[in-house]
Amino acid sequence: MQSLQVSKKRIARNQARRSRQVSGLLRQASTTSTSEHESTSAVVVSNDRSSDRVNDRDRTVLVPHSLGSSEYKVRDSAIEYTRNQKYCVLKLPALPNLLQSSDDTFLSGSLDSTTDYALLVSPTSAFVWRYTSPDHLPNTISFPIVNATGALPLGVLVSPSAGDSEPGLVLVHPHTGELTYWEAVGEALTEGLLHRKKGVEAKIGLYQGETLEYLQNIEPVGVVVSTSSGRFVLVELYDNIGRPGITCTVMRGTGTGMWSNLKGVLKLGGTRRDVVSIKPGKYLGRTERLFATINIRAGVAMWHCSRGGYYNLTTELELKDLLLDSIRDIYPQSEQTFEAHDIELLPDDDHRALILTSFTYDEESNLGPERIFYMLFTVSFDGERAEIISAHRITCYSGQSTKRPKLLLPKPGYTAFIVLSHAVVMLSTILEPKSDTTTFKWEDFVEFKKGSIDVIITGSEDMRAVNDQITRHAGVVLVSRGVGVVRLERFEDDAGSGTSDSRAEVIKSKLEQAVYYGFEDESPLEFGQSREVAYDINDIENAIAVVSDEIISANSVYSTDYPDTLESLTLRMKALSRLSEQMRSVFPLLSQECRLKMLTKMEKCEASRNIWGYWKMTGAGSLVDRNSSINQVVRELSGTNLSAEVWIRTQVTKIGELAVLFALKSLVRAPNHAGVDREEMVRQVAEANELLIILLTGSAYFVRHYYKTAIFGLAENAWDGSSTEPWTSTWDVLNVLGKQFDITRELASQIWQDPGSEGQVELLSNQLLGLAECLCRAYDERIVYYETGPMTSEASEQARDLRKLYVEQRKTWIKPLLEFGFQDKAYELAEQYQDFRLLSEMCREEKSSLDRLSKKGKADDVAEEVMQARERLAGRIKHYFDDYGYEFAAVLYEEYIESGHVTELFVAYPGYRTYLERFLNCGKYDRMAWIHDVQVGDYQQAAGRLRKVAAASEDSTVNKLVQLSIAKLCLLQATAEGKGDDHEGEEEVDRLLGKIRWVREQEVKEAEAAEDFEMIDNV
């Protein structure tokens, strides 16, 4: 009856607590917040541990998929998409309206890194803006283009004229050859507004059906144009005295005269058709420059040109066979799909170049889509001779590119960039100008999410320096629809060092970028592992260990260690969560040990966060005493005078030791402190309990609930077969949990009836429940670790001893919960660990208690409660019978027999007689099994059991007489009911009567012998 009353009081208290929560009297984590830091740093810890140990309403949940809030790092108005020690990816703020729209108008353009201007050209308009402008909507110069055919014009920006800061602009119509040059882009706008010609116009003569395909700036000479028929046209923009004026020269490159013209025509089908790239090279004089062309078949031409229409073809070679011969032994299938894409002349070098090619690699494997192998050749030219210096296959990326790959080598030329439709590959080039060697020691790539970027313009940016201080790093700029302008910078301090990262360092960098940059929804970057890179699993796991250690200790170069401890720990937990998500999605084959160690770090970080949050936000009235007590524990742990806040902030991995030692110290402080009153004792015990419960249920178990299986893919018992020791069930933890449970139960029992103790009793009883849950879980975890880990004789003995102790002690943790009104929780715990002995005992005792209450004839309201309790108990037992079957039934029947309630056993559960018959037929309970036989009318079996007992296991003749007499009656009844042969039945009766007479004679003789001995004794 007491348990019923306690349960009613507890229900009333919980309802009142929920009402206070609704009215705002209890502090709770806000579900809506104006800032990320507000929503993630709120830690709510209540002394009230109600039936749900993990209540999502009362705490902040750091689950992986809720971490996508904006955290972009802004630098000079540019958004930093990612950064590591070698490069940085930025989104520049200047984004014209044209790039913001989803219009799929076909666009082309160019970029001039010397003036920081970009050009976009559509069939009807041209747009020019300063792409480095800090304005989000930059000042954009736009003007219409007269275009009757609708073809996309070719356009390029050229150097400003003297005294002007705006670049010049050249536009040419690909079908008509009409060309216009403006010294400054502003003139084009003025021309459109005032309807006055400002530009210089000319027309390139074209053959019938011939079109212009490629336009390239080769200043100071001018621009060069390639045609579909294989001709090159040099276009000078100034006359001999420096005035704007257009001169077009067809570059034949074979001398003069009819024979030279014929040779030039023949060459049109070789190196000069299907040109895919024209690249300017070394300056050869004030008005002279070298440039190179390459076509899809690796036909290379190098031209030396200058103002005045002078040009000289210095090299013209078909390199396809030479390039293929250098790799044929390794890649024999390369010839079928071989293509050349781009060329770059090495800086300040007139005889060496990098050539980018590719071919499809048809490997018989399960790697998914076909792979494209990108090859970068270093070639040395000497007139009509070429030599392959090196051939380097890009190993970090082999994805398809929907646009032709581009090769860029910005000065000082330490890094080559390969721009693909969805990625940019970088590789370090170690250039030795005085020798014929070029090596590649480092490569990496930046990948874009599919569909996130549509690159329209690609350009390179040379390094800038003022007074030996770098003001702009070498890199590339991509102008894309939707995203805008993206700059990829390579840091020269590292690029020129010639060092190469280890695999582990590369993986570490990728992981850090994914953690600190990879969870931004608006970022176009993809941080998953490339399928081309087969990292060693040990390197991956070592990198994960290093990154997670740096996160948890706040030592990462990316992390900002906020002065507020709670905020700092919250952000570390967030970073660990992101790392775990990256592990799940990118590295699914990690070892169990690696995943367990990562899970442990997350649990300890969450525990540190919650313990400090609890300590900071509770008990303001006695804050000085509380701080001194925890500081004392910290001093003992660290051997220094560190404050508790600093220790928790810096020693996250030791948070378990703090909670355990604090609890042990409270056991000393509470009973022995001079003059400690009841309230102080309750406070000290409750604080120690709370820290332990927060450490385990509120943190470690909470993290496991969200991450163990869903993120880390670990089994229900994560330590099954692991060599990693579970930190939540060390011997110290088991010991202190048991002691805290005993002292909490004793203290709660002592103050149960004290006036005004209701709140304290509720506090301690709630904690008692939490401690019981932790004890069961910790013991179970430790036993599994011993039983499934490395099975040494010592571990086997420890597992056996610990399991024996656990089975004995579990009852003493769960059953006391009934005294404090946690009946349902007690049953739940016993069910969770399938303690059928305890379940049977609690069910049988509850039934007996309800039977006694019914006999006393209580008031109507009590009778109603008793009836409802009976129905709940009946439903519970039915559930156990149905779910657990005979395994539970056998233990329940044993409980009835051992407790002396045999009579009830035969009438209690008529619906499960098959279980009872199976139990009684085991041969161990024949002394009472005959009762059930009589109940069901099986008199012959009852007689057989009684005869067997009397003959084999009964010593008392009186008992034998009774048993055989009953057996005779059973046989007579069986014969009377026609359930046995009459003749055999009579013979059986006679045999039994003979046995009974013999028993009686033995008893008479024993009695007479006893009298004789008594008479002798009297004499």
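Every value quoted in this text rests on a predicted model; they were computed, and no experiment measured them.

Caption draft 1: Representation of the overall build of the protein within the structure. Of the regular secondary structure elements, the protein holds 28 helices and 33 strands. Residues classed as buried in the protein amount to 53% of the 1019 residues present. In the protein, the share of contacts with a sequence separation of at least 24, taken over all contacts with a separation of at least 6, comes to 62%. Only carbon and sulfur atoms are counted for the fraction: they give 49% of the accessible area of the protein, which is about 46600 Å².

Caption draft 2: Summary view of the pattern of salt bridges. A complete count under the given rule lists 50 salt bridges for this structure. Ionic pairing is found between Glu210 and Arg231, a salt bridge with its closest N-O pair at 2.8 Å. Of the two residues, Glu210 is situated in the loop between strand E11 (200-203) and strand E12 (212-217) and Arg231 in the loop between strand E13 (223-227) and strand E14 (232-238); the sequence distance between them amounts to 21 residues. Classification of Arg231 by relative accessible area gives buried; the value is 9%. Across the pair Glu316 and Arg272 runs a salt bridge whose closest N-O atoms are separated by 2.8 Å.

Caption draft 3: Broad picture of the sheet that holds strand E6 (residues 125-130). Across the sheet, four strands lie side by side as E4-E5-E6-E7; this open sheet has antiparallel pairing. A single partner strand is all that each edge strand has here, and the edge strands are strand E4 (108-112) and strand E7 (140-144). Across the sheet, the axes of successive neighbouring strands diverge by a mean angle of 10 degrees, strand direction being ignored. Bridge analysis of E6 against E7 gives five bridges, and the strand direction is antiparallel.

Caption draft 4: View of helix H18 (residues 793-814). With 22 residues, H18 should reach 32 Å at 1.5 Å per residue; the first-to-last C-alpha distance of 31 Å fits that figure. Bending of H18 peaks at approximately 30 degrees at the position of Glu808. For H18, the complete set of buried residues consists of Ala795, Ala799, Leu802, Tyr806, Arg810, Trp813 and Ile814. In the core, the buried residues of H18 are packed alongside helix H16 (731-750), helix H17 (758-788), helix H19 (823-832) and helix H20 (836-856).

Caption draft 5: Region of the structure containing the environment of Leu92. One can find Leu92 in strand E3 (residues 87-92). Owing to a relative accessible area of 5%, Leu92 belongs among the buried residues under this scheme. Contacts of Leu92, omitting those with residues within four sequence positions, involve Ala78, Tyr131, Val485 and Arg487.

Caption draft 6: Just the packing of aromatic side chains, in detail. Counted by the stated rule, this structure contains 36 aromatic pairs. Considering the side-chain rings of Phe359 and Phe373, the 5.9 Å spacing of their centres and the 65 degrees angle between planes classify their relative orientation as edge-to-face. Taken together, the positions of Phe359 in strand E21 (residues 352-361) and Phe373 in strand E22 (residues 371-382) put the pair 14 residues apart, joining distant regions of the chain. On the basis of relative accessibility, which here comes to 2%, the residue Phe373 falls in the buried class.

Caption draft 7: Representation of the pairing of strand E28 (residues 454-461) in the model. Most of E28 is tucked away: six of the eight residues are buried. One ladder, built from seven bridges, connects E28 with strand E31 (residues 474-481); its direction is antiparallel. Within E31, the residue paired with Glu461 across the bridge is Gly475.

Caption draft 8: Expanded view of the nonpolar core. Ranked by size, the top nonpolar core spans 163 residues in total, and within it Leu488, Phe712, Leu737, Leu839 and Phe881 carry the most contacts. No other element matches the 16 residues that helix H15 (residues 678-707) contributes to this core. Residues in contact with Leu839, not counting those within four places in the same chain, are Tyr827, Ala830, Glu831, Tyr880, Tyr884 and Phe888. Listed in part, the 26 residues of the second largest apolar core include Tyr331, Ile343, Tyr361 and Val379.

Caption draft 9: Looking closely at empty space enclosed by the protein. Counted under the stated rule, the structure contains five cavities of 30 Å³ or more. Here the second largest cavity defines a volume of roughly 70 Å³. Forming the boundary of the second largest cavity are Thr82, Tyr87, Phe445, Val446, Glu447, Lys510, Gln513, Leu525, Glu526, Phe527 and Gly528. Here the lining of the second largest cavity takes three residues from strand E27 (residues 437-448), the largest share from any one element. Of the residues that constitute the lining of the second largest cavity, the class distribution is five nonpolar, three polar and three charged.

Caption draft 10: Molecular detail of the environment of Tyr779. Summarising the element assignment, Tyr779 is placed in helix H17. Taking relative accessible area as the criterion, Tyr779 reaches 8% and is therefore assigned buried. In the structure, Tyr779 is positioned 50 residues away from Ser729 in sequence and 6.7 Å away in space, judged by C-alpha atoms. Beyond its immediate sequence surroundings of up to four residues, Tyr779 is in contact with Leu734, Leu802, Leu805, Tyr806 and Trp813.

Caption draft 11: Unusual backbone geometry, seen in detail. With an omega of 15 degrees, the peptide bond running from Glu219 to Pro220 counts as cis. Take Pro220: it is sitting in the loop between E12 and E13. For the bond running from Lys411 to Pro412, omega is 15 degrees, close enough to zero to count as cis. For Pro412, the position within the fold is in the loop between strand E24 (406-408) and strand E25 (415-419). Within the chain, Asp274 stands out as a residue other than glycine whose phi angle is a positive 55 degrees. Among the structural elements, Asp274 can be located in the loop between helix H5 (258-267) and strand E16 (275-285). Residue Asp274 is classed as partly exposed on the basis of its relative accessible area of 40%.

Caption draft 12: Representation of the packing of H16 against H17 within the structure. It is the contact of H16 with H17, at a shortest axis distance of 9 Å, that shows an interaxial angle of 155 degrees. Classed by the angle they form, the pair H16 and H17 counts as roughly antiparallel. Here the hand of the crossing between H16 and H17 comes out left-handed. Contacts from Trp731, Leu734, Leu737, Gly738, Gln740, Phe741, Thr744, Arg745, Leu747 and Ala748 of H16 reach H17 at Val761, Leu764, Leu768, Leu771, Ala772, Cys774, Leu775, Ala778, Tyr779, Arg782 and Tyr786. Tallied by class, residues from the contact of H16 with H17 come to 16 nonpolar, three polar and two charged.

Caption draft 13: Summary view of the sheet that holds E12. One open sheet holds the four strands; their spatial order is E12-E13-E14-E15, and the pairing between them is antiparallel. Of all the strands in the sheet, just E12 and strand E15 (244-251) have a single pairing partner and so form its edges. Along the sheet, successive strands turn relative to each other by an average axial angle of 20 degrees, direction set aside. In this sheet, E15 lies alongside E14 in antiparallel orientation, the contact comprising six bridges. By the bridge assignment, Phe232 is partnered in E15 with Met251.

Caption draft 14: Broad picture of helix H8 (residues 503-517). A rise of 1.5 Å per residue sets the reference length of H8, with its 15 residues, at 21 Å; its end C-alpha atoms lie 21 Å apart and thus fit the reference within 8%. In terms of burial, H8 is largely enclosed, as twelve of its 15 residues are buried.

Here is what the cut-offs are and how they apply
Counting starts from 1 at the beginning of each chain's written sequence and moves along it residue by residue. Reporting of local features is limited, given that this is a predicted model, to residues whose pLDDT is at least 70; pairs of side-chain atoms are given and counted only at 80 or more, and all residues count toward the totals for whole chains, interfaces and linings. Neither water nor hydrogens contribute to the side-chain values; these are computed over all heavy atoms in the structure. Counting from the N terminus, the helices are DSSP H or I runs at least four residues long and the strands are E runs at least two residues long. Remark: exposure states derive from per-residue accessible area (1.4 Å probe, protein chains only) relative to the maximum for the residue type, with buried under 20%, exposed over 50%, and partly exposed in between. Here, residues are in contact when the closest pair of their heavy atoms is within 4.5 Å. Note on areas: Shrake-Rupley, 1.4 Å probe, and residue coverage restricted to the protein chains presented here. Throughout this description, the term salt bridge denotes a Lys or Arg side-chain nitrogen within 4 Å of a carboxyl oxygen of Asp or Glu. Any two strands with at least two DSSP bridges between them are considered paired. A fitted line through C-alpha atoms serves as each axis, taken over the contacting stretch for helices, and the angle formed by two N-to-C directions is quoted from 0 to 180°. In a helix, the anticipated span is given by 1.5 Å times the number of residues less one. By definition, a residue's bend is the angle between the axes fitted to the seven residues ending there and the seven starting there. Whether two aromatic rings pair depends on their centres lying within 6.5 Å, for rings of Phe, Tyr and Trp, where Trp uses its six-membered ring; planes under 30 degrees apart make the pair stacked, over 60 edge-to-face, and the rest tilted. What is meant by a nonpolar core is a set of buried Ala, Val, Leu, Ile, Met, Phe, Trp, Tyr and Cys residues, joined one to another through side-chain atoms within 4.5 Å. Lining residues are defined by having an atom within 4 Å of a point belonging to a cavity or pocket. Those points lie on a 1 Å grid over the protein atoms alone, cavities being sets where a 1.4 Å probe fits but cannot get out and pockets being open sets with protein on both sides within 12 Å along at least five of seven lines. Grid points are joined across faces, edges and corners, and a volume is the space filled by probe spheres set on the points. Just so you know the grouping, Ala, Val, Leu, Ile, Met, Phe, Trp, Tyr, Cys and Pro go in nonpolar, Asp, Glu, Lys and Arg go in charged, and all remaining residues, Gly too, go in polar. Note on terminology: angles under 35 degrees are roughly parallel, angles over 145 are roughly antiparallel, angles of 65 to 115 are roughly perpendicular, and the others are oblique. Take the far helix as your reference; a near helix turned counterclockwise from it by less than a right angle gives a left-handed crossing, and one turned clockwise gives a right-handed crossing.

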